[in-house]
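The chain contents come next:
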Amino acid sequence: MKMRKPSSSEFPIAVLKNAKFWNGKSFELRDEVRLTSGQEGKAVEYDCKGALVIPALFGFGLDFMEPLRDDVYTCADGVDAMLRGGFYGGLYESAANPIDDADKLTAAENRFSSFGCLGGSFDIKFLGAYSKGFGTDSLAEMMELAESDVVAGFGDGNGVIPHSRFLRLAMEYGKMTGKRFFFQPMDKTLRHSGCVHEGAYSDMLGMKGIPRIAETIAAYTVLETARFLQVPVHFKQVTCGETLELVRDARKKGMDVTCDVGLYHLLLDDSCLETLDSAYHILPPIRSAADRDALWQGIVDGTVDAISMNHTPVLRQDTVVNFEDSVPGALSLEVALPAIWNKLVAKVGEARAIELLSTAPARLAGSTPVANNVVVFAPDKPHVVVESDFAGHVCNSPLLGKELPSSILAIYINGFWKEM
Amino acid sequence: MSSLEIKHLFGLRGVSKHDIRLILDHAKQFREILERPVKKVPSLRGMTVVNLFFENSTRTRTSFELAEKRLSADTVNFASSNSSVKKGETLVDTLRNIEAMKIDIVVVRHKGTGVPKFLADNSNAIIVNAGDGAHEHPTQALLDMLTIEEKLGTLEGKNVTIIGDIRHSRVARSNLWGMSTMGAHVTLCGPSTLVPRNTDLMNHVTWEPDVKKAVANADAIIALRLQKERMDDALLPSMREYRNTFGITEELLENAKDKVIIMHPGPINRGVELDSDIADGEHSVILDQVTNGVAVRMAVLFLLAGGRNNENA
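Everything numeric in this text was worked out from a predicted model, so none of it was measured. (Residues numbered from 1 in each chain as written. Chains lettered and ligands numbered in written order. Predicted model: local features only at pLDDT ≥ 70, side-chain atom pairs only at ≥ 80, totals over all residues.)

Caption draft 1: View of the overall build of chain A. A tally of helices and strands in chain A yields 12 helices and 20 strands. Its C-alpha atoms give chain A a radius of gyration of 21 Å, within 12% of the compact-globule value 22 Å for 420 residues. Along the three orthogonal principal directions, the C-alpha set of chain A runs to about 60 × 50 × 45 Å. When burial is assessed residue by residue, chain A has 56% of its 420 residues classed as buried. Considering only intrachain contacts with a sequence separation of at least 6, the fraction spanning at least 24 residues in chain A is 77%. (Helix = DSSP H or I, 4+ residues; strand = E, 2+ residues; numbered from the N terminus. Rg over C-alpha atoms; globule rule 2.2 N^0.38 Å. Buried ≥ 20, exposed ≤ 12 C-beta atoms within 10 Å, placed from the backbone. Contact = placed C-beta atoms within 7 Å.)

What follows is the structure, given as structure tokens:
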């Protein structure tokens, strides 16, 4: 059982001392930095003791399960997770509740703002659905949805791509909105009943695999349709180098194509399947070490625009089962920065790391970062992940029990201060 | 050392030669006991074994049950078709409820890879895998190994060819791990849609697409059962074509050694993976496998239970 639930406090002003502050190009040591939320009031003082002060993050791939099991996980829990992880905003894309008309968009916005505390202070953008009910019979009311500036683009959850005719019609109609289309490229028939990467480990363990071509064929179909219709597209949670190669080729042809890769796809490879631990049941699947290396290459050479959180709470009873019967998904917001920062900085430097975690996903979602939203971060202070690190009544993460190389010390977002 | 290094039997991958040798040697002793007029020993008296079968099984469950009874254990059969699993009970709840009845050993069969390990992680019982998905079926492989040793004297240096639906076969996986550990050369052969697509982690065995070449040097041939649903899933065109291409026939055996033995985990699709003439013929050791199944399962249960009352075995 979780014993601790860090609470936050409202402090319109934060005074950070002895901090290495990000100035847009590098970290510079300052004796004191004064951050304000634009309101007058009491101030909190904090001695950073030389820790980094990083711009707060923007999370792609948020799904808080609401309102399916609001006894287990709510939007308030999701926002709590964002706060714990240093996220000032995110792109919400429910896999179960399609936002396919203006009423559903309003309902979704209300779920975030109705808690009276943090929800309304965070910059939440939404993916509108391009179909009604994530189906392939009717189009969603995209024009009406696009009138709201909280709609970043259109995508049907994390479902497989629809059949080619509906894909064409959806993009043809949605083109009028000028918004980007977001796809997790996955071909339904090639995915079949697979639950893990089709490779050496799945074959060794006799588990049903999802081949890379399930992704690349879907990506190619989307790209060819987008090229034909001249529609901007984004690929969510790319898992293999072959898809990144398609993105590179498309860009060379002048297409407006962006993509992200998942946090865990950069941290893990399919050797984790040997444990048969359902914590590693993540979709799209964690692929081979060679695929992971190819994703890192995409990070280095600029093909990858952002790192996705793919934050998915799963009920405890759906994870405490054998791998193949478990519900896929992992929490990531609370642990992302400590898990990935050092690796990112070693590969691409601090500026690009901040771009991948904050400015680039924010730009793609139409969010404008606020300079005073920051994370106080100790890159060399290890932290063992425990259940109470996670918000809500869930803790489904492959990092649970693992030691992360870094720690978040404190957060200051829109006047909310939280020390960890 | 006369006890097993393993605490449970999840599979044969990673199980040491010492442990496999110990199981096979004990199985040989139990095999002798099974030939006596009184076939029962008191080795597991006072212990309770639950046969937890979430998939249909006749011969494996019967074989385990017989092994348990021969060892004087109290046995309980638990089939998912008439259990609370049908009412939505989770796997771990099912196990904990059964465990609360003070059982000692759980023999489990389930469609999901890794279920035996999952149960071991969540209970104090000794877990024996009776088949988990397409992952492993270790006691089947052990009885296959016992049969080969019985008929050919040793596994060391012998050529064993497994033919059929390798991709979906837990029997094939357990055999390729176990037999390789014991020094046999394993060759796998099957239609390209029914063999694993990526064999990087199974490269200690030989993959031979030509069935005639696959049987040419074999000392033992194991034909795997072909599931009829493979035809519905477009993995094969027809039973007829499979029989003509990969079935064990008199004609195919003209390419094999004179003394080759033919094995099958059962139940046989006669006229598909194995012609009747072969299944009932001089090369067939299929019924010996069945008898050895009881002996091997007795050995596994006995050794995992700690070899208690060893002197009675």
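The structure having been displayed, the exposition proceeds.
Caption draft 2: Fine view of the packing of helix α5 (residues 138–152) of chain B against helix α12 (residues 286–304) of chain B. All names here are of chain B. At a minimum axis separation of 8 Å, α5 and α12 run at an interaxial angle of 115 degrees. When you trace α5 past α12, the crossing you get is right-handed. Two secondary-structure elements touch here, α5 through Thr139, Leu142, Leu143, Asp144, Leu146, Thr147 and Glu150 and α12 through Asp288, Gln289, Asn292, Gly293, Ala295, Val296, Arg297 and Val300. Its residues placed into classes, the contact of α5 with α12 shows six nonpolar, five polar and four charged. (Axes fitted to C-alpha atoms, helices over the stretch in contact; angles between N-to-C directions. Left-handed = near helix turned anticlockwise from the far one by under 90°. Nonpolar A, V, L, I, M, F, W, Y, C, P; charged D, E, K, R; others polar.)

Caption draft 3: Geometry of the pairing of strand β4 (residues 126–132) of chain B. Residue and element names in this part refer to chain B. With seven of seven residues buried, β4 lies mostly within the body of the structure. Here strand β3 (residues 105–110) pairs with β4 via five bridges, running parallel. For His110, the partnering residue across the bridge sits in β4 and is Asp132. (Pairing = 2+ DSSP bridges.)

Caption draft 4: Molecular detail of the interface of chain A and chain B. Residue-level contacts link 17 residues of chain A with 21 residues of chain B. In terms of residues, the side of chain A that touches chain B owes the most to one element, helix α6 (residues 200–205) of chain A, which gives five residues. A class-by-class count of the residues in the side of chain A that touches chain B yields nine nonpolar, four polar and four charged.

Caption draft 5: Quick look at the confidence of the model for chain A. Looking at chain A, pLDDT values average 92 and 96% of them are 70 or higher. Per-residue pLDDT stays below 50 along residues 1–6 of chain A; that stretch engages in seven contacts with residues further than four places along the chain or on separate chains. (pLDDT = per-residue confidence, 0-100.)

Caption draft 6: Broad picture of helix α4 (residues 164–174) of chain A. Residues and elements named next belong to chain A. Burial in α4 covers these residues: Leu167, Ala170, Met171 and Gly174. Taken end-on, α4 shows its buried residues confined to a sector of 90 degrees, consistent with a single buried face. Buried residues along α4 sit in contact with α3 (142–146), β9 (151–154), β10 (180–183) and α7 (212–229). (Arc of directions from axis to C-beta.)

Caption draft 7: The arrangement of the pairing of strand β19 (residues 407–413) of chain A in detail. Residues and elements named next belong to chain A. Counting buried residues in β19 gives five out of seven residues, a clear majority hidden from the surface. Bridge count for strand β16 (residues 374–378) against β19 is five bridges, and the pairing is antiparallel. Residue Val374 lies in a different strand from β19, and its bridge partner there is Tyr412. With four bridges connecting them, β19 and strand β20 (residues 416–419) associate as antiparallel partners. Counted as the bridge partner of Tyr412 is Trp417 from β20.

Caption draft 8: Inspection of the domain arrangement of chain B at higher detail. All names here are of chain B. Split into domains, chain B comes out as domain 1 (17–136 + 291–312) and domain 2 (138–285). Between the C-alpha centres of domain 1 and domain 2 there is a distance of 26 Å. Counting residues at the interface gives 20 residues for domain 1, matched by 18 residues for domain 2. Mapped onto the side of domain 1 that touches domain 2, the elements with two or more residues apiece are α1 (17–34), β4 and α12. Per element, the largest residue contribution to the side of domain 1 that touches domain 2 is six residues, and it comes from α12. Looking at the side of domain 1 that touches domain 2, its residues break down into nine nonpolar, six polar and five charged. (Domains from an automatic or database assignment.)

Caption draft 9: Quick peek at the sheet that holds β4 of chain B. Residue and element names in this part refer to chain B. Ordered in space as β2-β1-β3-β4, the four strands form an open sheet in which the pairing is parallel. On the outer flanks of this sheet lie β2 (74–79) and β4, each paired with one strand and no other. Geometrically, the sheet is characterised by an average inter-axis angle of 15 degrees between neighbouring strands, direction not taken into account. The pairing of strand β1 (residues 48–53) with β3 spans five bridges and is classified as parallel.

Caption draft 10: Structural view of the nonpolar core. One finds Ile105, Ile221 and Leu301 of chain B to be the most contacted residues of the largest nonpolar core, which totals 234 residues. No other element matches helix α12 (residues 336–365) of chain A, which puts 14 residues into this core. Per-domain counts for this core show at least three residues from each of domain 1 (17–136 + 291–312) and domain 2 (138–285) of chain B. Sequence-distant contacts of Ile221 of chain B, that is, excluding residues within four places in its chain, are made with Thr161, Ile163, Val215, Ile248, Ala256, Val260, Ile262 and Met263 of chain B. (Core = buried A, V, L, I, M, F, W, Y, C linked by C-beta atoms within 7 Å.)

Caption draft 11: Here's a closer look at the environment of Lys102 of chain B. Residue and element names in this part refer to chain B. Here Lys102 shows up in the loop between α3 (91–99) and β3. A residue is classified by how many C-beta atoms lie within 10 Å of it, and Lys102, with 8 of them, is exposed. Sequence spacing of Lys102 and Val49 is 53 residues, and the spatial spacing of their C-alpha atoms is 9.8 Å.

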